[in-house]
Amino acid sequence: MRITVIGAGYLGATHAACMAELGFEVLGLDVDQEKIDSLSRGELPFHEPGLPELLRKHIDSGRLRFTTSYKEVGAWGDVHFIGVGTPQLPGEYAADVAFVDAATVSLAENITKDALIVGKSTVPVGTTRRLLGLIAENKREDVQIDLAWNPEFLREGFAVKDTITPDRLVVGVDSVRAEETLREVYASALALDTPFISTDFETAELVKVAANAFLATKISFINAFSEVTEAVGGDIRTLADAIGHDSRIGRKFLNAGLGFGGGCLPKDIRALQARVSELGLDRTMRFLTEVDEINLRRRERVIYLATEILGDLAGKKIAVLGVTFKPDSDDVRDSPSLDIAARLYGSGAEVTVYDPEGNANAAKRFPRLNYVDNTSTAVADADLVMLLTEWPEFKALTPMSLEGFVNAKRVIDARNVLDATSWEQAGWHFTALGQYFEPTVAR
């Protein structure tokens, strides 16, 4: 069985390399020639632990190669995975499925033998059935093309593991042949008793957005209580630990802090709201509006704290540690950390940024910040240090490690990963999200 993967971005490149690792011959496609040339040299255009090694391994083994030709893909492949982006439409909440539509039509026009198209992109419910019509309109009459939807559940930083040994497999199918083919593709995972959920198209489409909506709600839930402890006192981390011991709730995603970002959760909950509104169910997902607003208020809170601590931000030197939306990633899409750094700059502060992997991508989006390549340089002469992304090296910081570099011993821990007591005992003005804060402006 030969596998093709349409789209060579984060999802597509990961899936292609992992399918090669599972023993398949794989052909990846993207319309961006520069990206294809880079991948063909074994060079990955983004950061994902473990993936560069797999890419180079299977470029060298011959199992994995890349092309820009749909004609080549259509004649060569048996199973065609679609992993193109579905970004938020400019000025709207809805998802842009133009890339999915284009990939589906191009495949249908070029497939020359019976095949299965498998969507992995996150799409609005109802998309798969609509794509069936596009396939019927554009395919050759002598070719049978089945369609399935197989949502991805990748965590950035763990994408290789999540692809090769997933915690569950969900497939939306309308034929026995499609299900049997996907069982063959994922035979190694099924041999490890990975749950395999075969369902209809609509359920498969909804599973991914339902999971992301739930996780976003859980994050905003604890951050709503963080707003309460900031006003009245209390320990938000102990509160999260206490309720997390309830097996019905669980501790994961109950870390109060700066909130969520990235290329999935924000756009997916907004696209879900847009889609249910189109279906006449405006009230059904209304709570997600507040989930989104709570998340965005965390950014406002950090700016407020900086202003209360420093007074007028103009001319103040602020060190920002971390601008990716999460650690173990170079992704700065909808990053709360980068948004805050940009707002600080907009208020007149001199902002110096260090992120272990995200500097280059951040500089493309906001080049006016001062990007440096280590913590010591970032905090040099700083009036305020702000920990905005919880990279391991930032979690390991101690008061003494920064004391000789900064202009003033002030720190904001926006991720609740530092030990407040040790920093306060070392004479630092320590502030964290979720912590009671009494304004004492230092001028």
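Please read all numbers here as calculations on a predicted model, not as lab measurements.

How each quantity is defined
Positions within a chain are numbered from 1, following the residues in the order the chain's sequence is written. Thresholds applied to this predicted model are a pLDDT of at least 70 for local features of residues and 80 or more for the giving and counting of side-chain atom pairs; totals over whole chains, interfaces and linings are not thresholded and use all residues. Computation of side-chain values covers all heavy atoms of the structure but excludes hydrogens and water. To qualify as a nonpolar core, a set must consist of buried Ala, Val, Leu, Ile, Met, Phe, Trp, Tyr and Cys residues joined through side-chain atoms within 4.5 Å. Under the scheme applied here, a residue whose accessible area is under 20% of the maximum for its type counts as buried, over 50% as exposed, and between as partly exposed, the area being computed with a 1.4 Å probe on protein chains only. The helix and strand labels rest on DSSP assignments: H or I over at least four residues marks a helix, E over at least two residues marks a strand, and numbering proceeds from the N terminus. Axes here mean lines fitted to C-alpha atoms, for a helix over just the part in contact, with angles spanning 0 to 180 degrees between N-to-C directions. The labels follow the angle: roughly parallel below 35 degrees, roughly antiparallel above 145, roughly perpendicular from 65 to 115, and oblique for the rest. Note: crossing handedness is left-handed where the near helix turns anticlockwise from the far helix by less than a right angle, and right-handed where it turns clockwise. Any two residues whose heavy atoms approach within 4.5 Å at even a single point are treated as in contact. Gly falls in the polar group here, along with every residue not listed as nonpolar (Ala, Val, Leu, Ile, Met, Phe, Trp, Tyr, Cys, Pro) or charged (Asp, Glu, Lys, Arg). Any two rings among Phe, Tyr and Trp, with Trp reduced to its six-membered ring, count as a pair given centres within 6.5 Å; such a pair is stacked if its planes are under 30 degrees apart, edge-to-face if over 60, and tilted if neither.

**Notes on the nonpolar core**
By size, the foremost hydrophobic cluster in this structure holds 39 residues, and its most contacted members are Ile-3, Val-26, Leu-64, Phe-81, Leu-182 and Val-185. Leu-338, Ile-340, Leu-369 and Leu-433 belong to the second largest nonpolar core, which has 29 residues in total.

**Describing unusual backbone geometry**
Even without being a glycine, Asp-328 presents a positive backbone phi close to 60°. As for its position among the elements, Asp-328 is in the loop between strand E9 (317-321) and helix H14 (336-346). If you check the backbone angles, Asp-334 has positive phi at about 50° while not being a glycine. Secondary-structure assignment places Asp-334 in the loop between E9 and H14.

**A look at the packing of helix H12 (residues 265-278) against helix H13 (residues 287-310)**
At a minimum axis separation of 10 Å, H12 and H13 run at an interaxial angle of 155°. Taken together, the axis directions place H12 and H13 in an arrangement best described as roughly antiparallel. Regarding H12 and H13, the two cross each other, and that crossing is left-handed. Residue-level inspection shows Ile-269, Arg-270, Leu-272 and Gln-273 of H12 in contact with H13, the latter providing Leu-288, Thr-289, Val-291 and Asp-292. Residue classes in the contact of H12 with H13 are distributed as 4 nonpolar, 2 polar and 2 charged.

**Brief notes about the environment of Leu-51**
Within the secondary structure layout, Leu-51 lies in helix H3 (residues 51-61). A relative accessible area of 0% places Leu-51 in the buried class. Through-space distance from the C-alpha of Leu-51 to that of Leu-305 is 39 Å; in sequence the pair is 254 residues apart. Leu-51 has contacts with Ala-13, Thr-14, Ala-17, Leu-44, Phe-46 and Val-160, leaving out every residue within four places of it along the chain.

**Re the packing of aromatic side chains**
One pair of aromatic rings is described through two measures. These are the centre distance and the angle between the planes. Across all of its chains, the model carries 7 aromatic pairs by this definition. Ring centres 5.2 Å apart and planes at 55° place the aromatic pair Tyr-10 and Phe-46 in the tilted group. In this pair, Tyr-10 sits in helix H1 (residues 10-21) while Phe-46 sits in the loop between helix H2 (33-40) and H3, placing the two residues 36 residues apart along the sequence. Residues Tyr-10 and Phe-46 agree in their burial class; the two are buried. When the centroid spacing of 5.0 Å and the interplanar angle of 80° are considered together, the rings of Trp-423 and Trp-428 count as edge-to-face.

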